[in-house]
Amino acid sequence: MSFHVPEDNRIAKQVSLIDSSKTSTIVDMISQSLPHIVPNVLLAKREELLPLILCAANLHVSAKARDTMLNTLFNLIKRPDELQRQMILAGCVMFAQHNGPEKVEEELLPQCWEQINDRHLERRLLVAEACGALIPYISKSIRGSLLLSMLQQMLLDERVEEVRSAIVRSLGILVCFIDDTDKFSQVLTLYGRHVLPDTSAGVQKEAVDVLLPSLSLWAVHLDKISDIMDLLFTALQNSLTEPNEENEIKVIAESFMPGMQHLLTLVNFQFVSLLYSGPYRDKTDLTTDNQPTSFHSSINDGSNSMSCISCLVSDEEEYKQLVSRFLSHTSEEWYKSWDQFDLLVYTTFSRFAMLGLSIQAEDMAIAQSLVNYVRSVCAVLGHHITSDKIEPKMSEFFKLDSEITSQHYKVYTSVLLPMLLCGVKAAFSSQSAVSNLIDCLRKFIVTMSEGSVPLQSLELSVQILMEKSHLVEPFIDLVLEVLMKGSVKVKVTCAHLLEICLLCPTCSTLINDRILPGLVTLACDTDYNVKLATVSPFGSILETCSERETMDKVYTELIRLLHHTNQNQDNNMLLSMISTFSRIGPNIEPQFREEVVISQLARWSMENNSCGDTNLRKAVALALIDAYCALYCCFISTSITQDSFLPGLKSLQLDLKELGLEGGAVIGSMVSEIQHKLEGASASPSRVSEGTTPATSSPSTEHLAKSSKSLMNKIMDKSASTKMSSFFSKRK
């Protein structure tokens, strides 16, 4: 038997070499065959070829053949997923480990360079991740030149967040390996211009977790931590708008919040820089018996592992000794400061005091971020420096011993107040620190109340303080003490503060024993404004409490206040009641909702038809729209729907029509929907007796609920404050 195969047949030539036992022959055969095999393998199974590709790339003596194999490796899968990328990266690392920096730089990095602008984001993502994975296997000179240039170019050109995040992560890894100190300014500029302003969540996460810790550690070694601090503070200032016509400055939260997160990450690096540069470092005559265990632990539990103290110091015992020397040195009556100490204690806090002074206490997240930074710095510096240096510096802006004028309002309504109370004075939990905080709060409550200063900054401070469980009970005791002795203005403030305490989860056990008795005392006060201030807190208790005894007491007080409202024709109290019923109506017991809330709303709605004051009539009608929209989605018994809810809606519909207010169409649709349901219930006797009218039982009702919510968002923006006049008759 004979056969003939053409001499130029590739497969025949490779088959003829099978009898050779040389490794080079086998490797050559694999490298020649793979480029023809890969295109014919299913994409989902191509990773099975990785061992053969890597074997040929590692063992082939020809640079051209290795280049082909590496190109095949990077192009093995058109759009590799995360697992496939990890497998390819593992192959790249294995190649780098076996072949050394020279071949990595000459053969592997060019493959990355060729694909940095690939149209598929998965391929660009692979390149960004490969740059980070190969850093330990590249020579020092190439790290700070070619590799840094590659990552910089990719960061400038990339538009996809996921790829930018990988680039930032690789850049952070690279910073750990760069020895050329001249590159610090280049990386810092890249960070400040292209990473910090990037508001993408993924980029910010990698920046805070990897890049900033790496850059900060480098800055500590170069004594340039102040450069990063200056850059971040400038970014914060750029996040503030120019003053408007009312001289108000707004905060651009999208850029401000990332800047604060970066500053918080920087705290431990600032402290390490301060600690290792102190004049006590080489002294041996300082006592070290008192090891600051709690102090050490308070700065060693960072959520980011790369910025925790244990990752920043080479010798933990040396660190503990330096902390003890630092505390001993700074606890002396007269001690010599140094540049890093002055930067953190004086310059930083002066800057932040002025920053806090320019921002009004309107946004909880912004205030909380500033408080967190101030509290963290105070924690690392210790109680003595905080009370001796920082607290006086922050307190000097507030004139608690003199009368507050309108010129001082801006100070008291700014986030500087939460920064002082929650950041500085609440930084430590010792008994003396808590006592100092409570005394300070007492002064602010009285001073701001008597000076008629808007309370948003004080209320925001209390919200933040109530997150600390050890402060809840002392603060409530303080409020109860002050309300017993204070003026009318102080008592009104106390009512608001007690309502804020209800938001704290740990307050649930104190409602019946502490908070409710305090509110009852205020509700029994002879002054009308004090009574008025208790309406909303009583409603909040019904929303947060489920104890029968407590709820019954609140019901009694609200009914008593309702009687007071009708008796005295008190319009402010009425609007407060409607607003509170609107807020709590969907969340309270059905019986109280039907017997008290809905019946009262119906009475007020009908009486509003005959109101002679147009402005007041509009204000009540707008408040009632909100209330009825909130209650419309609740289950209400058929009898109450027919006797109270529907008549109240019809009266409101009449007001809206006569006053020309928005919302008449929506309220009319509600009326039609309810009438239709009641007619349907009449046709089915089984549903008439004590049934319920579910407001969300049909698609049309669900549409009405959405429409009413949209309507309220529009209407409430247009509602104006009105001068109240009496018009309500005594409840029959």
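In what follows, the structure referred to is the one given above.
The structure contained in this document is the topic of the report that follows. (Residues numbered from 1 in each chain as written. Predicted model: local features only at pLDDT ≥ 70, side-chain atom pairs only at ≥ 80, totals over all residues. Heavy atoms only, no water.)

Tallying secondary structure elements over the chain gives 35 helices and 2 strands in all. Considering only contacts within the chain whose residues lie at least 6 apart along the sequence, 75% involve residues at least 24 apart. Put simply, the chain shows about 33800 Å² of open surface, and 51% of that area lies on carbon and sulfur atoms. (Helix = DSSP H or I, 4+ residues; strand = E, 2+ residues; numbered from the N terminus. Contact = heavy atoms within 4.5 Å. Areas by Shrake-Rupley, 256 points an atom, 1.4 Å probe, with all protein chains shown as cover.)

This next bit is on the environment of Tyr409. Considering the arrangement of structural elements, one finds Tyr409 in helix α19 (residues 409-412). In this structure the C-alpha to C-alpha distance between Tyr409 and Met448, which are 39 residues apart in sequence, comes to 9.2 Å. Within polar-contact distance, the side chain of Tyr409 engages the backbone oxygen of Gly451 at 2.8 Å. Side-chain polar atoms of Tyr409 contact the backbone oxygen of Ser452, separated by 3.4 Å. (Polar contact = N/O pair within 3.5 Å; in protein donor to acceptor, adjacent residues only side chain to side chain.)

Attention shifts here to the pattern of salt bridges. Applying the stated criterion across every chain yields a total of 27 salt bridges. With its nearest N and O atoms 2.8 Å apart, the salt bridge here joins Glu158 to Arg124. Of the two residues, Glu158 is situated in the loop between α7 (140-157) and α8 (161-175) and Arg124 in helix α6 (residues 121-134); the sequence distance between them amounts to 34 residues. Side by side, Glu158 and Arg124 carry an identical accessibility label, which is buried. Between Lys677 and Glu673 there is a salt bridge, with the nearest N and O atoms lying 3.8 Å from each other. Of this pair, Lys677 and Glu673 both sit in helix α33 (residues 664-683), 4 residues apart, roughly one helical turn. (Salt bridge = Lys/Arg side-chain N within 4 Å of Asp/Glu carboxyl O. Buried < 20%, exposed > 50% of the residue type's maximum accessible area, 1.4 Å probe, protein only.)

As a further point, take unusual backbone geometry. We note that Asp223 has phi near 60 degrees; this positive angle belongs to a residue other than glycine. Mapped onto the elements, Asp223 comes out in the loop between α10 (201-222) and α11 (225-238). Positive phi is not limited to glycine here, since Ser452 has a value of about 55 degrees. One can find Ser452 in the loop between α21 (431-450) and α22 (456-465).

A separate point is the nonpolar core. If you look at the biggest cluster of nonpolar residues, it comprises 230 residues, and the most contacted ones within it are Ile228, Phe326, Phe352, Leu370, Leu381, Phe444 and Phe475. Counting residues per element, this core draws most heavily on helix α31 (residues 614-631), which supplies 11 residues. Non-local contacts of Phe352, meaning those with residues more than four positions away in its chain, are made with Met229, Phe233, Leu236, Met260, Leu263, Leu370, Tyr373 and Met419. (Core = buried A, V, L, I, M, F, W, Y, C linked by side-chain atoms within 4.5 Å.)

Positionally, His329 belongs in helix α15 (residues 316-330). With residues near it in sequence (within four places) discarded, His329 still touches Pro279, Tyr280, Tyr335, Lys336 and Trp338.

This part covers the packing of aromatic side chains. Tallied over the full model, the rule gives 16 aromatic pairs. Ring centres of Phe326 and Trp338 lie 6.3 Å apart, and the angle between their planes is 90 degrees; on these two criteria the pair is classed as edge-to-face. Taken together, the residues span a long stretch of sequence, with Phe326 in helix α15 and Trp338 in the loop between α15 and α16 (339-358) at a distance of 12 residues. Judged by relative accessible area, Trp338 falls into the buried class, the value being 8%. Where Phe341 meets Tyr346, the ring centres are 6.2 Å apart and the plane angle is 75 degrees; that geometry is what we call edge-to-face. On the accessibility criterion, Phe341 (0% relative accessible area) is buried. (Phe/Tyr/Trp six-rings, centres within 6.5 Å; stacked < 30°, edge-to-face > 60°.)

Once that is clear, we can look at α31. Spacing of three or four residues puts side chains on the same side of an α-helix, whose turn is 3.6 residues. The end-to-end C-alpha distance of α31 is 26 Å, a good match for the 26 Å that 18 residues give at a rise of 1.5 Å each. Burial analysis of α31 places 13 of its 18 residues in the buried class, the great majority of the element. One side-chain oxygen at the N-terminal end of α31 lies 3.1 Å from the backbone nitrogen of Asn615; it belongs to Asp613. (Expected span 1.5 Å × (residues − 1).)

In this section: empty space enclosed by the protein. Scanning the entire structure with this criterion turns up 2 cavities of 30 Å³ or more. A volume near 30 Å³ is recorded for the second largest cavity. Surrounding the second largest cavity, Ile225, Gln270, Ser273, Gln340, Leu343 and Leu344 form its lining. Residue assignment for the lining of the second largest cavity shows that the elements contributing at least two residues are α12 (253-275) and α16. Element by element, the count of residues in the lining of the second largest cavity is highest for α16, at 3 residues. (1 Å grid on protein atoms, 1.4 Å probe; cavity = no way out; pocket = protein on both sides within 12 Å on 5 of 7 lines; lining within 4 Å. Points joined across faces, edges and corners; volume = space filled by probe spheres on them.)

A cluster of like negative charges, contributed by Asp81, Glu82, Glu161 and Glu162, occupies part of the molecular surface. Along the polypeptide, Glu82 turns up in helix α5 (residues 82-114). We classify Glu82 as exposed; its relative accessible area is 56%. (Patch = residues over 30% accessible without salt bridge, like charges linked within 9 Å, V, L, I, M, F, W, Y side chains within 5 Å. Lys, Arg positive; Asp, Glu negative; His and termini not counted. Charge placed at Lys NZ, Arg CZ, Asp CG, Glu CD.)

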